[in-house]
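Inside the fold
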Amino acid sequence: MADQGGSQHGIARTSRVRTEEQRRQDLERIAKYRELDEKVRKELSQQNYSPETFHLTSKLLKLNPEYYTIWNARRRLLIYGLFSKPSAGSSPSTALPSSSPTGTTTTSSGASSSSSSTATPPAPGSQTAGKSGTTVDGTENKSQEDNKSEQEKKDLDLIKSELGFTIPLLLASPKCYWIWSYRLWILQQAIQRLSVPIARRIWEEELLLASKMLAKDRRNFHAWGYRRHVVEQLEAPVLGGTSMVEAEFKYTTDMINTDLSNFSAWHNRSKLIPRLLDERKADDQARENFLNAEFAQIFQAINVGPEDQSLWYYHHFLMLNLVNPVGHPTIAPALTREDRVTYVTREIEQIKELLEDYDDVQLIYEALIDYTLFLCQFLERQPDGSEKAEIVGWLDKVKKLDPMRAGRWADLERDWELVE
């Protein structure tokens, strides 16, 4: 969208006059950045996976955390240079890590194999005899255990160091995809290379970090998506996990109570509800009570801020549970047809009452139109005379409040035969 009035997102633009000295300093910084970039690329092209090259990538990423090519190079430097041992059979030319567009990280088959495959298996017969043909005693086994312990400690130190490296970058750029992606990859290395108790403790600390990030910016959707992934891993058998749905549902409640306008918290809540009720083994009455409580909570919030779209989205989710339950996880599947009509009618009447105090809020009129048409669709009929008159009146009001989308409202009138 073109900028209007010299501002964007409600923030006025200000012109900044730079002096010749400031320009000279900028050019020097650019020259140093390019020199560093060329040096890193040269070392990587020569497959120099040394600690020195790794240090150079740190300097470069601090200057430009959006440089995803260097994040991928840093993965290679860890796998083939700094971690205790690369996956069996892998090589820099055949196992290059990459990032998926969904926010999770994928690696090559070598880099993503389980921890059991990262250790090279002993050659056949090596466990039974030495050069003399005699049986090897426990000394060699103890040496192997000590070596494994040292390797795990080395990997643990590296993993903690990398997690620490990304924290200031996240604080400065909390919505940078590549930092979150790389951090997830490091956490996956913990699963592959460390014992379950140690790996789980690292992932639990990561959940605390996600909470801190959301305390700083409650609506950071990157952090919300990241939190969901961390919880999913903590629940997984590979980390000896159990369900965390109760704790996460409570977390959404706490976040909503802090900020009613937190769309991500409402969204997360909607995704948790089916599992929550299933794991509670909720009977039909418990499910209906739950639905009533959710409607009461969201309507109380709407009554405070009817202009808040995030609240209407969640209310819309609850209404669809009533009128479109087929093929979707539903809160109260045992409700009869009559029960559902009663619920929808009650909500419509309550929303009408909001107009007494908020007659200029467009979202109220849109909800009334949508829900009245939902009811007609559910009952498989066209709007009756009184419903049609109400919808036409609400549409007239919406057209005045939202003239930019006049075509949309005209299409709605035509599709439902609301005008003669």
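Residue numbering note: each chain is counted from 1, following its sequence as written. Local features in a predicted model are, by the rule used here, given only for residues with pLDDT of at least 70; side-chain atom pairs are given and counted only at 80 or more, and totals for whole chains, interfaces and linings are based on all residues. Side-chain calculation: all heavy atoms of the structure are included, whereas hydrogens and water are not.

Bringing the overall build of the chain into the picture now. Under the scheme used here, helices are H or I runs from DSSP no shorter than 4 residues and strands are E runs no shorter than 2 residues, and both carry numbers assigned from the N terminus. Scanning the chain from N- to C-terminus turns up 15 helices and four strands. Taken over 420 residues, the chain has a buried fraction of 42%. Here the accessible surface of atoms and residues is derived via Shrake-Rupley with a 1.4 Å probe, and residues count as covered only by protein chains that are part of the display. About 23500 Å² of surface is accessible on the chain, with carbon and sulfur atoms providing 53% of the total. Relative accessibility decides the category of a residue: with a 1.4 Å probe and only protein chains considered, values under 20% of the type maximum give buried, values over 50% give exposed, and everything between is partly exposed.

One finds Leu78, Ile202, Leu291, Trp312, Leu322 and Ile351 to be the most contacted residues of the largest nonpolar core, which totals 108 residues. For this core, the element with the highest residue contribution is helix H13 (residues 362–378), accounting for 12 residues. Only heavy atoms matter for contacts: two residues are in contact if any of them lie within 4.5 Å across the pair. Beyond its immediate sequence surroundings of up to four residues, Ile351 is in contact with Phe299, Trp312, His315, Ile364, Ala367, Leu368 and Tyr371. Here the nonpolar core consists of buried residues drawn from Ala, Val, Leu, Ile, Met, Phe, Trp, Tyr and Cys, with membership extended through side-chain atoms lying within 4.5 Å.

With that out of the way, let us pick up the confidence of the model for the chain. Values of pLDDT, which run from 0 to 100, indicate the predictor's confidence residue by residue. Confidence in the prediction of the chain, expressed as mean pLDDT, is 85, and 83% of residues score 70 or more. Of the regions scoring below 50 in pLDDT, residues 1–9 engages in eight contacts with residues more than four places distant in sequence or in other chains. Here residues 87–135 scores under 50 on pLDDT; set against residues more than four positions off or in separate chains, the count is 71 contacts.

As a further point, take the packing of aromatic side chains. Stacked, tilted and edge-to-face are the three classes assigned to paired rings of Phe, Tyr and Trp, where Trp is represented by its six-membered ring and a pair needs centres within 6.5 Å; plane angles under 30 degrees give stacked, over 60 edge-to-face, the rest tilted. For the coordinates displayed, the defined rule picks out 14 aromatic pairs. Taking 4.8 Å as the distance between ring centres and 40° as the angle between the ring planes, the aromatic pair formed by Trp266 and Tyr314 counts as tilted. Of this pair, Trp266 sits in helix H9 (residues 263–279) while Tyr314 is found in helix H11 (residues 309–323), placing the two residues 48 residues apart along the sequence. For Trp266, a relative accessible area of 1% puts it in the buried group. Taking the centre distance of 5.5 Å and the plane angle of 40° together, the rings of Tyr314 and Phe317 count as tilted. With Tyr314 and Phe317 both in helix H11 and three residues apart, this pair spans about one turn of that helix.

The next thing to look at is helix H6 (residues 196–216). For H6, spanning 21 residues, the distance from its first C-alpha to its last is 30 Å, which sits close to the expected 30 Å at 1.5 Å a residue. Buried within H6 we find Ile198, Ala199, Arg200, Ile202, Trp203, Glu206, Leu207, Leu209, Ala210, Met213 and Leu214. Take the number of residues in a helix, subtract one, and multiply by 1.5 Å to get its expected span.

Although it is not a glycine, Gln47 sits at a positive phi angle of roughly 50°. Given the relative accessible area of 48%, Gln47 is considered partly exposed.

What follows concerns the side chain of Ser50. Summarising the element assignment, Ser50 is placed in the loop between helix H1 (20–45) and helix H2 (51–63). Overall, the relative accessible area of 15% leaves Ser50 in the buried class. Contacts described as polar in this section are N or O atom pairs within 3.5 Å, which, within protein, must combine one atom able to donate a hydrogen with one able to accept it, while residues neighboring in sequence count only if both atoms come from side chains. At 3.1 Å, the side chain of Ser50 forms a polar contact with the side chain of Asn48.

Salt-bridge detection follows one rule: a side-chain nitrogen of Lys or Arg within 4 Å of a carboxyl oxygen of Asp or Glu. Counting across every chain of the model gives 27 salt bridges. A salt bridge links Asp259 to Arg219; the shortest N-O distance between them is 3.3 Å. Residue Asp259 is found in the loop between helix H8 (245–258) and H9, and its partner Arg219 is found in the loop between H6 and helix H7 (221–235); the two are separated by 40 residues along the sequence. Overall, the relative accessible area of 47% leaves Arg219 in the partly exposed class.

Below, the discussion takes up the side chain of Ser58. Considering the arrangement of structural elements, one finds Ser58 in helix H2. Here Ser58 falls in the buried class, since its relative accessible area comes to 11%. Within the structure, the side chain of Ser58 is placed 2.9 Å from the side chain of Arg74, a separation counted as a polar contact. Not counting residues within four places of it along the chain, the set of residues in contact with Ser58 comprises Arg74 and Phe165.

Right, let's talk about the packing of H6 against H7 for a bit. With axes taken as lines fitted to C-alpha atoms, and helix axes fitted only over the stretch in contact, angles between N-to-C directions fall between 0 and 180 degrees. Between H6 and H7, the least distance of the axes is 10 Å, while the angle of their chain directions is 155°. In this view, H6 runs roughly antiparallel relative to H7, as classed from their interaxial angle. Two packed elements cross with a definite hand, and for H6 against H7 that hand is left-handed. Facing Arg200, Trp203, Glu204, Glu206, Leu207, Ala210, Ser211, Met213 and Leu214 of H6, the residues of H7 in contact are Ala223, Trp224, Tyr226, Arg227, His229, Val230, Val231, Gln233 and Leu234. When residues are grouped by polarity, Ala, Val, Leu, Ile, Met, Phe, Trp, Tyr, Cys and Pro land in nonpolar, Asp, Glu, Lys and Arg in charged, and all others, Gly among them, in polar. Residue composition of the contact of H6 with H7, by class: 11 nonpolar, three polar and four charged. Should an angle fall under 35 degrees it is taken as roughly parallel, and over 145 as roughly antiparallel, whereas 65 to 115 is taken as roughly perpendicular and any remaining angle as oblique. Crossing handedness: left-handed means the near helix sits turned counterclockwise from the far one by under a right angle, and right-handed means the same turn made clockwise.

Next up on the list: the packing of helix H12 (residues 337–354) against H13. In contact at an axis separation of 10 Å, H12 and H13 are set at 160° when each is read in the N-to-C sense. As summarised for this structure, H12 and H13 are arranged roughly antiparallel, according to the angle between their axes. In this structure, the crossing between H12 and H13 has a hand that is left-handed. In this structure, H12 contributes Arg337, Arg340, Val341, Val344, Thr345, Ile348, Ile351, Lys352 and Leu354 to the contact, and H13 contributes Ile364, Ala367, Leu368, Tyr371, Thr372, Leu375 and Phe378. A per-class count over the contact of H12 with H13 returns 11 nonpolar, two polar and three charged.

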